[in-house]
Amino acid sequence: MIRRAILAPVLLLLGVYLFLNPGGSGNAGEIFAIFWPTLFVIPLGLFLHWLTFSLVGRKGIGLLIPGGILIVSGLVSQIAQMFGLWSVMWPGFILAVAVGLFEFYWFGSRNKWLLIPINLLTVLSLLFFAVFSIDSVLSRFVFVQPLVAVALLLGGTWMMFARKQEW
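Residues numbered from 1 in each chain as written. Predicted model: local features only at pLDDT ≥ 70, side-chain atom pairs only at ≥ 80, totals over all residues. Heavy atoms only, no water.

**Observations concerning the overall build of the chain**
Put simply, the rule is: A run of H or I in DSSP counts as a helix once it spans at least four residues, and a run of E counts as a strand once it spans at least two, with each numbered from the N terminus. Burial classes follow relative accessibility: with a 1.4 Å probe on protein chains only, a residue under 20% of its type's maximum area counts as buried, one over 50% as exposed, and anything between as partly exposed. Pairs of residues are marked as contacts when any of their non-hydrogen atoms sit within 4.5 Å.
Within the chain, the secondary structure is distributed over eight helices and zero strands. Listing each helix as α and each strand as β along the chain from the N terminus yields α-α-α-α-α-α-α-α. Counting all 167 residues of the chain, 26% fall into the buried class. By sequence separation, contacts in the chain at least 24 residues apart represent 57% of the contacts at least 6 residues apart.

Given below as structure tokens:
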């Protein structure tokens, strides 16, 4: 059971990496440099969850906060490391804190005041994801910037010279 739970995702990630990087070298240092989140960060988060749900129980519910943070941070780091998306994926670290707090809220005493930072961090993270993702996509197309500039110029001109309408 443990072997399948740990070895299967590692083999899947290694297969995805080799499939997406057909001409690259596959030496141990390069694989270690790319899969460090899967090897160290995610298993530590899973270990903290295992401690909470199997050994410690309700007394150690606070272990879910760092456990959730580590799992989400590990996933964000793994995606960013594999695809070179650090400039787009960094809001995932804000989301990681929100996930850790949400797990504490969900499995803990359900203190309603925890929902305030959870919602603030989630909205902030999603906003940054949207802005930086759109920016990343638009920056790949050279012809988009002049189109955006023309649209802004036309919009500003229309706003300045259009007749005022009474509401």
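**Section: helix α6 (residues 91-107)**
The following threshold applies: Here the expected span of a helix is defined as 1.5 Å times the quantity of residues minus one.
The end-to-end C-alpha separation of α6 is 25 Å, in line with the 24 Å expected for 17 residues at 1.5 Å each. Of all the positions in α6, only P91, G92, I94, A96, A98, G100, L101, E103 and Y105 are classed as buried.

**Structural notes on the confidence of the model for the chain**
As a note on interpretation, predicted positions should not be read in detail where pLDDT is low. Which entries qualify depends on this criterion: Every residue carries a pLDDT, the predictor's confidence in it, which falls somewhere between 0 and 100.
Averaged over every residue, the pLDDT of the chain is 84; the share at 70 or more is 87%. Mean pLDDT across the elements of the chain bottoms out in helix α1 (residues 2-20) (72) and peaks in α6 (95).

**Things to note about the packing of helix α3 (residues 36-56) against helix α4 (residues 64-83)**
Here is the rule we go by: Angular values range over 0 to 180 degrees, each being the angle between N-to-C directions of two axes fitted as lines to C-alpha atoms, with helices fitted over their stretch in contact. The labels follow the angle: roughly parallel below 35 degrees, roughly antiparallel above 145, roughly perpendicular from 65 to 115, and oblique for the rest. We call a crossing left-handed when the near helix sits turned anticlockwise from the far one by less than a right angle, and right-handed when that turn is clockwise.
Interaxial distance between α3 and α4 falls to 8 Å at its minimum, and their mutual angle equals 160 degrees. The angle between α3 and α4 falls in the class roughly antiparallel. Regarding α3 and α4, the two cross each other, and that crossing is left-handed. Between α3 and α4, the contacting residues are W36, P37, T38, V41, I42, L44, G45, L46, L48, H49, T52 and F53 on the first element and L64, P66, G67, G68, L70, I71, G74, L75, S77, Q78 and Q81 on the second.

**Points about the UniProt feature "transmembrane region" (unreviewed entry) in the chain**
Stated precisely, the cut-off is as follows: UniProt positions are given in the numbering used here, feature names are shortened, and annotations may be inferred rather than shown by experiment.
Following the UniProt record, one finds the feature "transmembrane region" (unreviewed entry) at residues 38-56, 63-83, 89-107, 114-134 and 140-161. Helix makes up 100% of residues 38-56 and strand 0%, whereas the separation of the span's terminal C-alpha atoms amounts to 25 Å. Secondary structure content for residues 63-83 is 95% helix and 0% strand, while the C-alpha to C-alpha distance between its ends is 30 Å.

**Things to note about a nonpolar patch on the surface**
Operational definition: Every patch collects residues that have over 30% relative accessible area and no salt bridge, joining them within 9 Å if they carry like charges and within 5 Å if they are nonpolar side chains (Val, Leu, Ile, Met, Phe, Trp, Tyr). Each accessible area is a Shrake-Rupley estimate made with a 1.4 Å probe; only the visible protein chains count as cover when residues are assessed. What counts as a salt bridge is simple: a side-chain nitrogen of Lys or Arg found within 4 Å of a carboxyl oxygen of Asp or Glu.
The grouping of V16, F19, L20, I79 and F83 at the surface amounts to a nonpolar patch, some 510 Å² of accessible area in total. Among the secondary structure elements, those contributing two or more residues to the nonpolar patch are α1 and α4. Broken down by element, the residue count for the nonpolar patch peaks at three residues, all from α1. Note that F19 resides in helix α1.

**What to know about the environment of G67**
Mapped onto the fold, G67 is located in helix α4. Using a relative accessible area of 0% as the deciding quantity, one classes G67 as buried. Each C-alpha atom of the pair G67 and F47 lies 7.7 Å from the other, and the pair is 20 residues apart in sequence.

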